[in-house]
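Report on the structure
So you can see what is in the structure, the chains are spelled out below.
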Amino acid sequence: GAGVSQSPSNKVTEKGKDVELRCDPISGHTALYWYRQSLGQGLEFLIYFQGNSAPDKSGLPSDRFSAERTGGSVSTLTIQRTQQEDSAVYLCASGETGETQYFGPGTRLLVL
Amino acid sequence: QQQVKQSPQSLIVQKGGISIINCAYENTAFDYFPWYQQFPGKGPALLIAIRPDVSEKKEGRFTISFNKSAKQFSLHIMDSQPGDSATYFCAASPGTYKYIFGTGTRLKVLA
């Protein structure tokens, strides 16, 4: 079946611009996660959705970062006024709470 | 207490050799321990996972060894192949949504 998909696969933007990253989870998965992976680094947790609500936003680095999920499905991660340190791979994962997380291919963001 | 410590950071193995990656944790509430494999430019993919009621799980050339008393678990890749060259992440979860990931091990298998 279809896995987690993310778009765009690559995004180059200028410092100060806003970006939106999209995640389409596996159909039926109630849990959705966003992670950030900097070059050669591990996975940094950003936010967790259960259905459309986000009980844990503790990993969002600043108030420039926000995310929403609609219809218990698609999620959008928005970064406002991007900074060069936001450059990273943004990974989305979906699953059932307490069970395996399935990752998408990621969006590679480069802020110039 | 929420950390998962992974070692080594990088590993070079000859083709046909055994690759061993280790992880250690502190939180005894963790009860699910997956390993993920990540190729360059791709997202992590689940490789194999174990729960603490067993001490070992084997799937093909991949084996997880789990030592509950030592709070350690390891991934063994038998007969390592160049196609196994990737970054490997261990993780631990207390059975909730939260995953704590290790920092990753970059494996290179020489042909």
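The following paragraphs examine the structure supplied in this document. Quantities reported herein were computed from a predicted structural model and do not represent experimental measurements. (Residues numbered from 1 in each chain as written. Chains lettered and ligands numbered in written order. Predicted model: local features only at pLDDT ≥ 70, side-chain atom pairs only at ≥ 80, totals over all residues. Heavy atoms only, no water.)

**Points about the sheet that holds strand β3 (residues 19–24) of chain A**
Residues and elements named next belong to chain A. Defined as follows: Here a strand pair is declared whenever DSSP counts at least two bridges between the two strands. Only DSSP runs of H or I covering at least 4 residues are called helices, and only runs of E covering at least 2 are called strands; the numbering of each starts at the N terminus. The angle between two axes is taken between their N-to-C directions and runs from 0 to 180 degrees, where each axis is a line fitted to C-alpha atoms and a helix contributes only its stretch in contact.
Reading across the sheet, the 4 strands line up as β1-β3-β8-β7 and stay open at both edges, with antiparallel pairing between neighbours. The strands lining the two open edges of the sheet, one partner per strand, are β1 (5–7) and β7 (65–69). Along the sheet, successive strands turn relative to each other by an average axial angle of 15°, direction set aside. Direction of pairing for β1 relative to β3: antiparallel, over a ladder of 3 bridges. Its bridge partner lying in β3, Ser7 is registered against Arg22.

**Things to note about the environment of Lys57 of chain A**
With respect to the helices and strands, the residue Lys57 of chain A is situated in the loop between β6 (53–56) and β7. Between the C-alpha atom of Lys57 of chain A and that of Tyr90 of chain A, which follows or precedes it by 33 residues, the distance is 15 Å.

**Remarks on the interface of chain A and chain B**
Filter applied, for reference: Note on definitions: a residue-residue contact is assigned when non-hydrogen atoms from the two residues lie within 4.5 Å. We count a salt bridge whenever a side-chain nitrogen from Lys or Arg sits within 4 Å of a carboxyl oxygen from Asp or Glu. Polar contact is the term for a pair of N or O atoms within 3.5 Å; when the atoms are in protein, one must be able to donate a hydrogen and the other to accept it, and sequence-neighboring residues count only if both atoms are side-chain atoms. Three classes are used: nonpolar for Ala, Val, Leu, Ile, Met, Phe, Trp, Tyr, Cys and Pro, charged for Asp, Glu, Lys and Arg, and polar for all others, with Gly counted as polar.
Taken together, the 21 residues of chain A in the interface contact 18 residues of chain B. Where chain A touches chain B, the interface holds 1 salt bridge. Here Asp56 of chain A and Lys98 of chain B are joined by a salt bridge, their closest N and O atoms 3.3 Å apart. Counting the contacts that link chain A with chain B gives 8 residue pairs in polar contact (both at pLDDT 80 or more). Mapped by element, the contributors of at least two residues to the side of chain A that touches chain B are β4 (31–37), β5 (44–50) and β10 (101–103) of chain A. Here the side of chain A that touches chain B takes 3 residues from β4 of chain A, the largest share from any one element. Taken together, the residues of the side of chain A that touches chain B sort by class into 8 nonpolar, 10 polar and 3 charged.

**Concerning the packing of aromatic side chains**
To describe a pair of aromatic rings, one takes the distance between the centres and the angle between the planes. Put simply, the test is: Only the six-membered ring of Trp is used, alongside the rings of Phe and Tyr, when aromatic pairs are assigned; centres must lie within 6.5 Å, and planes under 30 degrees apart are stacked while those over 60 apart are edge-to-face, with the rest tilted. Categorising residues by exposure relies on relative accessible area from a 1.4 Å probe, with only protein chains included: less than 20% of the type maximum marks a residue as buried, more than 50% marks it as exposed, and the intermediate range marks it as partly exposed. To sit over a ring, a charge needs its Lys NZ or Arg CZ within 6 Å of the ring centre and within 35 degrees of the ring normal.
Applying the stated rule across the entire model yields 19 aromatic pairs over all chains. For the ring pair Tyr48 of chain A and Tyr97 of chain B, a centre distance of 4.0 Å and an interplane angle of 5° mean the geometry is stacked. Placement of the pair is Tyr48 of chain A in strand β5 and Tyr97 of chain B in the loop between β9 (86–92) and β10 (100–101), with the two residues belonging to separate chains. The exposure class of Tyr48 of chain A is buried, given its relative accessible area of 4%. Where Tyr99 of chain B meets Phe101 of chain B, the ring centres are 5.8 Å apart and the plane angle is 45°; that geometry is what we call tilted. Summarising the burial analysis for this pair, Tyr99 of chain B and Phe101 of chain B share the class buried. Across from the ring centre of Phe45 of chain A, 4.1 Å away, lies the NZ or CZ of Lys98 of chain B, which sits over that ring.

**A short note on the side chain of Arg36 of chain A**
Residue and element names in this part refer to chain A. With respect to the helices, strands and loops of the structure, Arg36 is situated in strand β4. We classify Arg36 as buried; its relative accessible area is 11%. Setting aside anything within four residues of it in sequence, one finds Arg36 in contact with Gly42, Leu43, Glu44, Leu46, Pro61, Phe65, Glu85, Asp86, Ala88, Val89 and Tyr90.

**Some details on the state of the cysteines**
Definition in use: We call a pair of cysteine sulfur atoms a disulfide when they lie within 2.5 Å.
Enumeration over the complete set of coordinates arrives at 2 disulfides over all chains. For Cys23 of chain A, the disulfide goes to Cys92 of chain A, at an S-S distance of 1.9 Å. For the disulfide bridge between Cys23 of chain A and Cys92 of chain A, the dihedral angle about the S-S bond is near -65°, and by the sign convention the bridge is left-handed. One end of the pair, Cys23 of chain A, is in strand β3; the other, Cys92 of chain A, is in strand β9 (residues 88–95), with 69 residues separating them in the sequence. Of the two residues, Cys23 of chain A and Cys92 of chain A, both sit in the buried class. Through a disulfide, Cys23 of chain B is tied to Cys90 of chain B; the S-S separation comes to 1.9 Å.

**What to know about the sheet that holds strand β3 (residues 19–25) of chain B**
Within a sheet, each strand pairs with its neighbour through backbone hydrogen bonds, oriented either parallel or antiparallel. All names here are of chain B. If you trace the 5 strands from one edge of the open sheet to the other, you get β1-β3-β8-β7-β6, paired in antiparallel fashion. Looking at which strands have only one partner, the edges of the open sheet turn out to be β1 (4–7) and β6 (56–59). Adjacent strand axes in the sheet meet at a mean angle of 15° when their direction is disregarded. In terms of strand pairing, strand β7 (residues 62–67) meets strand β8 (residues 72–77) through 6 bridges, oriented antiparallel. Looking across to β8, one finds that Phe62 is bridged to Ile77.

**Some details on the nonpolar core**
Filter applied, for reference: Throughout this description, the term nonpolar core refers to a set of buried Ala, Val, Leu, Ile, Met, Phe, Trp, Tyr and Cys residues connected via side-chain atoms within 4.5 Å.
Membership of the largest hydrophobic core comes to 25 residues, with the highest contact counts inside it found for Val4, Phe33, Trp35, Phe73, Leu75 and Tyr88 of chain B. In terms of residues, this core owes the most to one element, β9 of chain B, which gives 4 residues. Discounting chain neighbours no more than four positions away, the residues touching Phe33 of chain B are Tyr25, Ile48, Ala49, Ile50, Pro52, Ile64, Phe66, Phe73, Ala91 and Ala92 of chain B. Ranked by size, the runner-up nonpolar core spans 19 residues in total, among them Trp34, Leu60, Ala88 and Val111 of chain A.

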